[in-house]
Amino acid sequence: MQARWEYLLLPSFVFVVLLIVSSQYVFLKGSFYEDLGLGQIGDTFDWVNYNKFFSDTFYLSTLWITVKVSALATLFTMLLGFPVAYLIARMRSQWAMILLAGVVVSTFVTIVIKVFGLIIIFSADGLLNKFLMGIGIVDTPYTIIGNQTGVVVGLMHFTLGFGVLLLYSVIQTIPRSLEDAAQIHGASRWRMHLRVLLPLSLPGVTVGALMIFNMSMGAFTSAALLGGGRVFTLPVLIQRTMMMEIKYSMAGTLAAVLLIAVLLINLLSVFLLRRLRAARLVIA
Amino acid sequence: MTRLKLKKTAIAGALGVACAVLLAGTATAGQFDGVTLRVGTWGGAWKGDQEAVIVPKFEALGGKIEFVTGSPQANLAKLIAGRGKAPFDIMEILDAQIGDFLKAKFLQPIDLSKIPNKADLEDWQYDTNKVGSWFTQETICYNQDKFRELGLARPTTYSDLANAKLKGRLSIPDITSGGGLANFGAFAYAGGGDEKNVQPGLKLINSLNALKFWSRGGEVVTQFQSGDVYAAVVHAGWCVRARKAGANVTTVHPVINDKYVGVHKHGWLGIMKSSKQIEAAHWYINQFIDEDFQFAFATRSGVVPVNKKAIARLAEDPVLKEMLQLAKADIDRQLRLDYTKADIGAWTDQWNRSVTKQ
């Protein structure tokens, strides 16, 4: 008798339906009704909240900022994370495990502590500003609080550890012998990276980048603390709409727009990757 | 009466008194046997003071207290999400929220005869819906050394903070913070508006070039310590804590429209409609406004007691005396917003659109 392994999916399915889908359903459904204040919603189905979102430049600019800071954080996380992941993946000494353990441990540190560390480092009398002013690069202290740069740095701080771990697992799957073969046949190290490593790793890098992007799109703490109440991303606006204005329907609408935006961007990325594969620019 | 009779009467009397004392003692000791009272309040030192002073007394009467920590906004959100079934029996409520609580009928009547300590409060500080628990004095807290270095005079109004030398060195409360609404309303008044017209306040705030909007008062203490900010709009209690943490700061109670000096934000306690621990809730409220607790609480946190005897005792502390307005005439001159005229949702919406960097 053949074992029915698919039954193992059942507990996860029940968990997801009960705790994630049902709670999301309540808010998504609520987004199609008017807010009556104090968490009460109307009983007539309409698009009033969606109309408001897509006709109001404030909400549209919030969506744009969310996508922009998330994309920048993803790009820089990948750029910073790839060399680290490559180095650890190709290291032959015991240091590889120690460095990898260090990266794993860094992901355990709560984001609040990480962000407050950044605030201290970037404070007016902090290490960085003392150094920058000491060597004469800036005259006045540079701050990352209350601007989009700070939010990008905060998101990177949040995602870098995960990025390195994701990229490490991607690079591990690429046989070292391919790199050696390319170099034996005369390819420079730079050319080997460009023509061998990059095409082979691109599908994995894309998936990793999407995961980092998705994490950044939904990140609240970094944006709230480093944005200092001056930079609104959608998660920050959702929290305010829920907690301060107590408008559940509008908060549901914002959450739905965030979800749909993330889904669309992910689908678009997968589509582009397929086109690249079709054009043989990526090896899968 | 013979000596023997007198002796018997005295022994019987003594035994009677002893029994009565014993019985009364037993009754008091078991007054709250098996009762668990849940209190919605802030965490940290705020909760710590209640744990240190009120909880042991309640436990001595046989009961147990559990704290549900969170800001009043967060606790109101829990209440709304639970459709009035609160995960607490008593809750700290801000003056800006009272209207919502009454509208949603989340509170149950308070039997004021069970709150004898109300005698030490002003008449307007209690009614059958709520009892005042503390108030804050929202101030301009500034670093005296930095102002001296920059050649700046002591500020007296919010407009004095719109100085190029203070650009990026000022921290003001975010509208979502505990002091957000009170100070936003005060800015509106200072700019020539009121509860119904907050646009002048936004214009004034935008002219200040604030570094950031703080969401928790503790951030301001850190910012003063790190040297990030030279001035902040914050309640006097945080300025007191910044001073105790080593920053040479002091408060100014801002002059608003030549009519008000200082800003007043009031905290209240209310019993949730869903609560079954009515007796214990009344007992807790009475203890909260007790002179000794109010004095101890205010001394550590820098809020102002509602208990008049405790206010008088605060003058004994030189730092509090310097930073707070303790005379009744001064307190009466502070701006107290009328939130029944305010549309908080509209305030928040206008704030979001105007103050953020989009």
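Each residue is numbered by its place in its chain's sequence as written, counting from 1. Chains and ligands are labelled by the order in which they are written, letters from A for the one and numbers from 1 for the other. Residues qualify for local features only when their pLDDT is at least 70, as the model is predicted, and side-chain atom pairs are given and counted only at 80 or more; totals for whole chains, interfaces and linings, by contrast, use all residues. The basis for every side-chain value is the complete set of non-hydrogen atoms in the structure, without hydrogens or water.

(A) Looking closely at the overall build of chain A. Helix and strand definitions here come from DSSP, where helices need a minimum of 4 consecutive H or I residues and strands a minimum of 2 consecutive E residues; each element is numbered from the N-terminal end. Looking only at helices and strands, chain A has twelve helices and two strands in total. Ordered by position from the N terminus, the helices and strands of chain A form the series α-β-β-α-α-α-α-α-α-α-α-α-α-α. Each residue gets one of three labels from its accessible area relative to the maximum for its type: buried under 20%, exposed over 50%, partly exposed in between, using a 1.4 Å probe on protein chains only. Considering chain A as a whole, with its 284 residues, one finds that 42% of them fall into the buried category. Should any heavy atoms of two residues lie within 4.5 Å, those residues are counted as being in contact. Across chain A, every contact between residues at least 6 apart in sequence was considered, and the portion connecting residues at least 24 apart equals 69%. Surface exposure here means Shrake-Rupley accessible area, sampled with a 1.4 Å probe, where a residue is shielded only by the protein chains that are shown. Surface summary for chain A: the accessible area is close to 15800 Å², and the carbon and sulfur share equals 72%. His is not counted, nor are the chain ends, whereas Lys and Arg count as positive and Asp and Glu as negative. To locate a charge, take NZ of a lysine, CZ of an arginine, CG of an aspartate or CD of a glutamate. When the 19 positive and 11 negative side-chain charges of chain A are each reduced to one mean point, those points stand 16 Å apart.

(B) Spotlight on the overall build of chain B. In terms of regular secondary structure, chain B is built from 15 helices and twelve strands. Put simply, chain B has 358 residues, and 54% of those count as buried. For chain B, the proportion of contacts with a sequence separation of at least 24, taken over those separated by at least 6, is 72%. Surface summary for chain B: the accessible area is close to 14800 Å², and the carbon and sulfur share equals 54%. In chain B, 44 positive and 36 negative side-chain charges are present, and the distance between their average locations comes to 3 Å.

(C) Expanded view of the packing of helix α4 (residues 95-108) of chain A against helix α7 (residues 148-172) of chain A. Residues and elements named next belong to chain A. Running from N to C, α4 and α7 cross one another at 135°; their axes reach a closest spacing of 8 Å. On the basis of their axis angle, the class for α4 and α7 is oblique. In this structure, the crossing between α4 and α7 has a hand that is left-handed. For the pair α4 and α7, the contacting residues are Met 97, Leu 100, Val 103, Val 104, Ser 106 and Thr 107 in the first and Gly 161, Phe 162, Val 164, Leu 165 and Tyr 168 in the second. Think of it as three bins: nonpolar holds Ala, Val, Leu, Ile, Met, Phe, Trp, Tyr, Cys and Pro, charged holds Asp, Glu, Lys and Arg, and polar takes everything else, Gly as well. Looking at the contact of α4 with α7 residue by residue, the classes come out as eight nonpolar, three polar and no charged. Fitted lines through C-alpha atoms serve as axes, helices being fitted only where they are in contact, and the angles separating the N-to-C directions of these axes extend from 0 to 180 degrees. Here roughly perpendicular refers to angles of 65 to 115 degrees, roughly parallel to angles under 35, roughly antiparallel to angles over 145, and oblique to all remaining angles. Handedness of a crossing follows from how the near helix is turned relative to the far one, being left-handed for an anticlockwise turn of less than a right angle and right-handed for a clockwise one.

(D) Local environment of the environment of B:Gly193. All names here are of chain B. With respect to the helices and strands, the residue Gly 193 is situated in the loop between α6 (180-190) and α7 (199-206). The class of Gly 193 is buried, set by a relative accessible area of 9%. Along the sequence, Gly 193 and Ala 96 sit 97 residues apart, while their C-alpha atoms lie 18 Å from each other.

(E) Structural context of the state of the cysteines. Residue and element names in this part refer to chain B. The disulfide definition used here is simple: a pair of cysteine sulfur atoms within 2.5 Å. Tallied over the full model, the rule gives one disulfide over all chains. Between Cys 141 and Cys 239 runs a disulfide, and the two sulfur atoms are separated by 2.0 Å. Here the S-S torsion is close to 80°, and the disulfide linking Cys 141 with Cys 239 is therefore right-handed. Note that Cys 141 is positioned in strand β4 (residues 131-143) and Cys 239 in helix α9 (residues 236-244), a separation of 98 residues in sequence.

(F) Region of interest: a nonpolar patch on the surface. Patch definition: residues with relative accessible area over 30% and no salt bridge; like charges joined within 9 Å; nonpolar side chains (Val, Leu, Ile, Met, Phe, Trp, Tyr) joined within 5 Å. Here a salt bridge means any side-chain nitrogen of Lys or Arg lying within 4 Å of a carboxyl oxygen belonging to Asp or Glu. Together, A:Leu10, A:Phe13, A:Val14, A:Phe15, A:Val16, A:Val17, A:Leu18, A:Leu19, A:Ile20 and A:Val21 give the surface a local cluster of nonpolar side chains, amounting to about 910 Å² of exposed area. Within the secondary structure, A:Val21 sits in helix α1 (residues 9-30).

(G) Region of the structure containing the pairing of strand β5 (residues 170-173) of chain B. Residues and elements named next belong to chain B. Of the two faces of β5, the one lined by Leu 170 and Ile 172 and the one lined by Ser 171 and Pro 173 are each fully buried. Bridge count between β5 and strand β7 (residues 231-235): two bridges; the pairing is parallel. Each residue of the ladder has a partner; that of Leu 170, found in β7, is Ala 231. Alignment of β5 against strand β6 (residues 212-214), held across three bridges, turns out to be parallel. When the bridges of β6 are listed, Pro 173 appears paired with Trp 214. Strand pairing requires that DSSP identify at least two bridges connecting the strands.

(H) Region of the structure containing the pairing of strand β11 (residues 263-271) of chain B. Residues and elements named next belong to chain B. A large share of β11 lies buried, amounting to nine of its nine residues. Side chains Val 263, Lys 265, Gly 267, Leu 269 and Ile 271 project from β11 onto one buried face, and the interleaved His 264, His 266, Trp 268 and Gly 270 project onto a second face that is buried too. As paired strands, strand β3 (residues 90-94) and β11 are joined by five bridges and run antiparallel to one another. The partner of Leu 94 across the bridge, within β11, is Gly 267. When β4 meets β11, the two strands line up antiparallel, connected through seven bridges. Pairing of Gly 132 across the sheet is with Trp 268, part of β11.

(I) Fine view of the packing of helix α3 (residues 57-90) of chain A against α7(A). Residues and elements named next belong to chain A. In contact at an axis separation of 6 Å, α3 and α7 are set at 40° when each is read in the N-to-C sense. With respect to each other, α3 and α7 are oriented oblique. Seen along the crossing, α3 lies across α7 with a hand that is right-handed. By residue class, the composition of the contact of α3 with α7 is 22 nonpolar, seven polar and two charged.

(J) Structural view of helix α2 (residues 44-60) of chain B. All names here are of chain B. The first and last C-alpha atoms of α2 sit 23 Å apart over 17 residues, in line with the 24 Å expected at 1.5 Å per residue. Within α2 the residues assigned to the buried category are Trp 46, Asp 49, Gln 50, Ile 54, Val 55 and Phe 58. Summarising the contacts, the buried residues of α2 are in contact with β1 (36-41), β2 (64-69), β3, β4, α10 (278-288) and α11 (291-301). In a helix, the anticipated span is given by 1.5 Å times the number of residues less one.

(K) Broad picture of the interface of chain B and chain A. Every contact between the two is made by 34 residues of chain B and, on the other side, 30 residues of chain A. Once two parts are brought into contact, the accessible area they lose, counted with a 1.4 Å probe and summed over both, makes up the buried area. Note on chain B versus chain A: buried area summed over both sides is about 2900 Å², and carbon and sulfur give 56% of it. The shortest N-O distance in the salt bridge between A:Arg240 and B:Asp174 comes to 2.5 Å. Top element by residues in the side of chain B that touches chain A is helix α15 (residues 344-355) of chain B. It accounts for eight residues.

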